[in-house]
Structures are given as structure tokens and as C-alpha cells.
Amino acid sequence: MIICGSPRVNGNSDLLAAQFAKGAQEAGHQVRTVYVRQLKMNYCHGCMACLPDAMSCIQHDDLNALLPWMMDADVVCFATPVYYYSITAQMKTFIDRMNPLYGHWRDKEVYYMVTAAEEDHAQLDRAMDALQGFVDCFEGMVVKGRIYGGGATNKGDIVRLPAYEEAYEMGRTI
Ligand SMILES: Cc1cc2nc3c(=O)[nH]c(=O)nc-3n(C[C@H](O)[C@H](O)[C@H](O)COP(=O)(O)O)c2cc1C
């Protein structure tokens, strides 16, 4: 399962996600890609009605349908741009809405792919850490790879950078 957190259609993180998907499919895996921007998605209300065992949210939007997808997935890949040294609001909202998984979701292989204008890896680490903060809340999660897509400002810049090929290779080797 690939979760794309950019609001920009066919942007750099979408392109990395497509490369990862292509590699994974060529290796014989079934891939589901979720574009968070396409979802009808409200913010988490913080009501905690989802815990401990509801396994659903009281809100009637697109998120409940994705909980079984998250449970079924063996591998989860998060693809997001850096927005002000963190992940996008779309990705954060998606993560918060996964709260019904708390205590249930476990034993996944995880990949992170982050794009940014800045080239220096250190400038992308806070976004990596934001994703890690979610993953750290679950047992048996193994982070298998991180792609740093720095140096990509405009749509499509990523195809000329090493990250583009790396994303394909990462998908191929899961
Ligand atoms: C609101 C906003 C905030 C951004 N903040 C940063 C930032 O803090 N650091 C950075 O290097 N790039 C920043 N960028 C640039 C994007 O991370 C970069 O263009 C990225 O490739 C976009 O990925 P996408 O094409 O998948 O949307 C920002 C872009 C936007 C629109």
C-alpha cells in the first residue's frame, strides 16, 4: 500500500510512488495506491470513540474504508513532500485518522519517500521523523528504506535525480 500525501497531481512524490509501484508490480506484488488529496477526509475529532476496539471512526467519510487496506497490507510506503520542514497537512490528517488502528496494526514493512526543494538530507529528516513518529506507535514495524528526494522544486524535477531510480529499485526489492 502506497500513501501519497501531496496535493500536487503528478508531482515529485507521486512520481516516486509510481516508480516504487512499478518496481513492486514487476516483482509480482499487488499494489494499492491511495492519493490522500482525492479522499473525502475530515480532521480527527479527538473523541477517542475509535479506541480501544471499535476499529472504525464515527465520521462518515472515506477513511473507514481504508482501515482494512492498512490491516491487509504487508508493506506500507509513505510518499510526501516536505512542507515547512514537516509532512503535508494532508498526510498528517490521514495519519491522525488512522487512530482506530492503534493497538491493532502491527508487523508491517515500511518505506518513506520524501521530496523537497532543499538538497541536504538533513533538511528532510524532520519530515522523515514525523512519519517515524506514527510508525513508532505500533509493534513489529520494520523500516526497510528511505528515499531522500531533495533538490526537486518544480513538478517533474525528480526524474533527473538519483531518487527516481532508487524508488524503482526499492519497489523491485521488497
Ligand atoms: C507550502 C509549501 C511548503 C514547502 N516547504 C518546503 C520546505 O520547508 N523545505 C523544502 O526543501 N521544500 C519545501 N517546499 C517545496 C516542496 O517540498 C517541493 O516542491 C516538492 O518537490 C514538492 O513535492 P510534490 O511535487 O510531490 O508536491 C514547500 C512547498 C510548498 C508548496
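What you see is a predicted model, and the numbers here were worked out from it, not measured in a lab.

Trainee: Is there a simple way to think about the nonpolar core in this case?
Mentor: Within soluble globular proteins, side chains that are nonpolar generally end up buried alongside one another. Counting residues in each nonpolar core, the largest one holds 33 residues, and the members touching the most others are Ile3, Phe78 and Phe94. Residue contributions to this core peak at 5 residues, all from helix 4 (residues 125-135).

Trainee: For this particular structure, what's the right way to read unusual backbone geometry?
Mentor: Excluding glycine, residues mostly carry a negative phi; peptide bonds, for their part, are mostly trans. Note the cis peptide between Leu51 and Pro52, where omega equals 0°. One non-glycine residue, Met48, adopts positive backbone phi at about 65°. Mapped onto the elements of the fold, Met48 is located in the loop between strand 2 (33-35) and helix 2 (67-72). Residues other than glycine seldom take positive phi values, yet Tyr84 does so here, at roughly 50°. Given the relative accessible area of 80%, Tyr84 is considered exposed.

Thresholds, definitions, all that
Residues numbered from 1 in each chain as written. Predicted model: local features only at pLDDT ≥ 70, side-chain atom pairs only at ≥ 80, totals over all residues. Heavy atoms only, no water. Core = buried A, V, L, I, M, F, W, Y, C linked by side-chain atoms within 4.5 Å. Buried < 20%, exposed > 50% of the residue type's maximum accessible area, 1.4 Å probe, protein only. Helix = DSSP H or I, 4+ residues; strand = E, 2+ residues; numbered from the N terminus.

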